[in-house]
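Tertiary structure, described
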Amino acid sequence: MGTSDAASKDVTVSLAEKKPIVVFVLGGPGSGKGTQCANIVQHFGYTHLSAGDLLRAERNSGSENGTMIQNMMKEGKIVPSELTIKLLQKAMLESGNNKFLIDGFPRNEENRAAFEAVTKIEPEFVLFFNCPEEELERRILNRNQGREDDNIETIRKRFKVFLESSLPVIEYYKAKGKVLEIDAAKSIEEVFDAVKVIFTTKVEKVKRHRCNIL
Ligand SMILES: Nc1ncnc2c1ncn2[C@@H]1O[C@H](COP(=O)(O)OP(=O)(O)O)[C@@H](O)[C@H]1O
Ligand SMILES: Nc1ccn([C@@H]2O[C@H](COP(=O)(O)OP(=O)(O)O)[C@@H](O)[C@H]2O)c(=O)n1
Ligand SMILES: [Mg+2]
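The paragraphs below set out a description of the structure included in this document. These numbers come from a predicted model, not from an experiment.

Near ligand 2 there are 19 residues, and of these Lys33, Arg56, Lys77, Val79 and Arg158 occur at the shortest range. Within the contact set of ligand 2, an oxygen atom lies 2.7 Å away from a backbone nitrogen or oxygen of Lys77. Between Arg147 and ligand 2, the recorded distance is 3.1 Å, taken from a side-chain N or O atom to an oxygen atom. About the coverage of ligand 2: the protein hides 96% of its 530 Å² of free accessible area. In this structure, ligand 2 is accommodated by the largest pocket. If one sorts the elements of the shell around ligand 2 by residue count, helix H3 (residues 51–60) sits on top with four residues. Its residues placed into classes, the shell around ligand 2 shows seven nonpolar, four polar and eight charged.

Okay, here's the thing in structure tokens:
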């Protein structure tokens, strides 16, 4: 085993020992994942990890993977999970927290299966922000964060990837009874009201279950 294999095994073992609580936050591009995660962090003490933000930071750091990340994002394609999982694991360990909102991941079957196989972490539940495509397009075109993938050509590619690759992941978790779906076409405040109900009921239940109080 090489040094880097040994190091990544150490990360995996340390993380598993922490028994982290993980909530996957999924939904089409522009559905409000980042916006609502910021709200959840304020109210419920989670650490927000956006896979897209971690990949952008890695690209901007001058890493050897920068060009690959840039090219994949421009095409709306999903970066190989090995890199994304490594970034997520590192961020989880460095956070000092053990409650995580993992936003925009898993985005395809490869992401999902690899995360499960590598980390052995099962999400407590999956929050799915459901929103029609016309509204997603409107929001992204008004987002103004200077993202190179927020142009109409890349947006259409990202929608296609969402429908073909990400929705099947949501279906996978639906079949396991893990998906909590929210109508994300409503206002930011209304969506957060629905999110709050979920986090106050579901998360309290998880806590009691973990302490054998149920
Ligand atoms: N419920 C909402 N109604 C209207 N605009 C929203 C809503 N939620 C988020 N937005 C706006 O839409 C854009 C995309 O939101 P964002 O949280 O970045 O979505 P995602 O992370 O899912 O791509 C942002 O400009 C945000 O301010
Ligand atoms: N699990 C992930 C998440 C994002 N990404 C890449 O990062 C891009 C932007 O993801 P994001 O989550 O920041 O995008 P939004 O859904 O927030 O609009 C995606 O279109 C992919 O190219 C990825 O490759 N793998
Ligand atoms: Mg986002």
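Before going further, it helps to examine the nonpolar core. Phe24, Met92, Ile102 and Phe105 are the most contacted members of the largest nonpolar core, which has 30 residues in total. Of all the secondary-structure elements, those providing two or more residues to this core are strand S1 (21–27), H3, helix H4 (66–74), helix H5 (81–95), strand S3 (99–103), strand S4 (125–130) and helix H8 (152–175). Take this core: its biggest share by element is six residues, from H5. Of all hydrophobic cores here, the second largest spans 23 residues; its members include Ile21, Val25, Leu127 and Phe199.

Calculation notes
- Residues numbered from 1 in each chain as written.
- Chains lettered and ligands numbered in written order.
- Predicted model: local features only at pLDDT ≥ 70, side-chain atom pairs only at ≥ 80, totals over all residues.
- Heavy atoms only, no water.
- Near = heavy atom within 4 Å.
- Polar contact = N/O pair within 3.5 Å; in protein donor to acceptor, adjacent residues only side chain to side chain.
- Areas by Shrake-Rupley, 256 points an atom, 1.4 Å probe, with all protein chains shown as cover.
- 1 Å grid on protein atoms, 1.4 Å probe; cavity = no way out; pocket = protein on both sides within 12 Å on 5 of 7 lines; lining within 4 Å.
- Sits in = over half its atoms within 2 Å of the grid points.
- Helix = DSSP H or I, 4+ residues; strand = E, 2+ residues; numbered from the N terminus.
- Nonpolar A, V, L, I, M, F, W, Y, C, P; charged D, E, K, R; others polar.
- Core = buried A, V, L, I, M, F, W, Y, C linked by side-chain atoms within 4.5 Å.
- Buried < 20%, exposed > 50% of the residue type's maximum accessible area, 1.4 Å probe, protein only.

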